[in-house]
Amino acid sequence: IGVIKGYAEGLLYGVADDPDSIKEYCRTIASECDRMDELVKDMLELSALEASDAAPNKTEFPAKALLSDVTDSFQPLLADKGIRCACECPEDLPVSADYAMMKRALGNFLTNAVRYGDENRYIRLSARQDGRRVRFSVYNTGSGVPEAEMGKIWDTFYKVDKARTREAGGHGLGLAMVKSIAELHNGDCGVENQKGGIEFFIAV
């Protein structure tokens, strides 16, 4: 709001007095409005997930179909950024879960992978049987999360690197949503630093 107010006052008082400056001020205001709109929608969705009467609508579906669906929805963005994306999943691996919730959870992981990946530009989505659960993972090349931060990143509005997050986008709500979705399924979620990258997972 402060950014929008500042740029709006700049227009009001003639600080931006040429067409290019005015266009840039308007572009910034529009961009900040989009950020606020995204934040409000995410907060409403998180609130709904955390409501005491929230319950997953479980159905059985192939895990690979979910991974393909998530990947397809991100394909234009992945192609635009030159990111290679692979999926690893058995053809016959079934999972019982809320399809929409799981798509949201994996979408949040994939969004972070796109934002914070490194110059190697590689992401891998996978699913495998993990005891009685199915574990879905999203790996990307890049820097890991400090050990001291691993338990905190699932908290609402928590950001490991506030300056970097501001530049890349995001509000610190995506992983909080994933945690709520995992808990609604009586499942688990986590993060693991790996050689050359980092992997987030949700098991349901």
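Reading the values: the criteria
Residues numbered from 1 in each chain as written. Predicted model: local features only at pLDDT ≥ 70, side-chain atom pairs only at ≥ 80, totals over all residues. Heavy atoms only, no water. Salt bridge = Lys/Arg side-chain N within 4 Å of Asp/Glu carboxyl O. Helix = DSSP H or I, 4+ residues; strand = E, 2+ residues; numbered from the N terminus. Axes fitted to C-alpha atoms, helices over the stretch in contact; angles between N-to-C directions. Parallel < 35°, antiparallel > 145°, perpendicular 65-115°, else oblique. Left-handed = near helix turned anticlockwise from the far one by under 90°. Contact = heavy atoms within 4.5 Å. Phe/Tyr/Trp six-rings, centres within 6.5 Å; stacked < 30°, edge-to-face > 60°. Buried < 20%, exposed > 50% of the residue type's maximum accessible area, 1.4 Å probe, protein only.

Caption draft 1: Expanded view of the pattern of salt bridges. Applying the stated criterion across every chain yields a total of 7 salt bridges. Two residues, Lys 5 and Glu 9, come together in a salt bridge whose shortest N-O distance is 2.5 Å. In this pair, Lys 5 and Glu 9 both sit in helix α1 (residues 2–12), 4 residues apart, roughly one turn of the helix. Here the residues in one salt-bridge network are Arg 124, Arg 135, Glu 192 and Glu 199, joined through shared partners.

Caption draft 2: Main features of unusual backbone geometry. Its identity is not glycine, yet Arg 121 carries a phi of approximately 50 degrees, on the positive side. Counting through the fold element by element, Arg 121 comes out in the loop between α4 (99–116) and β4 (122–130). The residue Asn 186 is not glycine, and still its phi comes out positive at about 55 degrees. Among the secondary structure elements, Asn 186 is positioned in the loop between α6 (174–184) and β6 (188–194).

Caption draft 3: How the structure looks around the packing of helix α3 (residues 63–81) against α4. Contact pair α3 / α4: the axes reach a minimum separation of 10 Å and the direction vectors enclose 30 degrees. As summarised for this structure, α3 and α4 are arranged roughly parallel, according to the angle between their axes. Here α3 runs over α4; the crossing is right-handed. Across from Ala 65, Leu 66, Leu 67, Asp 69, Val 70, Ser 73, Phe 74, Leu 77, Leu 78 and Lys 81 in α3, the residues of α4 making contact are Tyr 99, Met 102, Lys 103, Leu 106, Gly 107, Leu 110, Thr 111 and Val 114.

Caption draft 4: Layout of the packing of aromatic side chains. Across all of its chains, the model carries 6 aromatic pairs by this definition. Ring plane angle 70 degrees and centroid distance 4.8 Å describe the contact between Tyr 7 and Tyr 25, whose orientation is recorded as edge-to-face. Of the two residues, Tyr 7 sits in helix α1 while Tyr 25 sits in helix α2 (residues 19–50), which places them 18 residues apart along the sequence. The buried category is assigned to Tyr 25, whose relative accessible area is 19%. Here Phe 61 and Tyr 99 contribute two aromatic rings whose centre-to-centre distance is 4.8 Å and whose plane-to-plane angle is 75 degrees, an arrangement assigned as edge-to-face. Of this pair, Phe 61 sits in strand β1 (residues 58–62) while Tyr 99 is found in helix α4, placing the two residues 38 residues apart along the sequence. For Phe 61, a relative accessible area of 9% translates into the label buried. Here a set of aromatic residues connected by ring pairs shows up, and it is made of Phe 109, Trp 154 and Phe 200.

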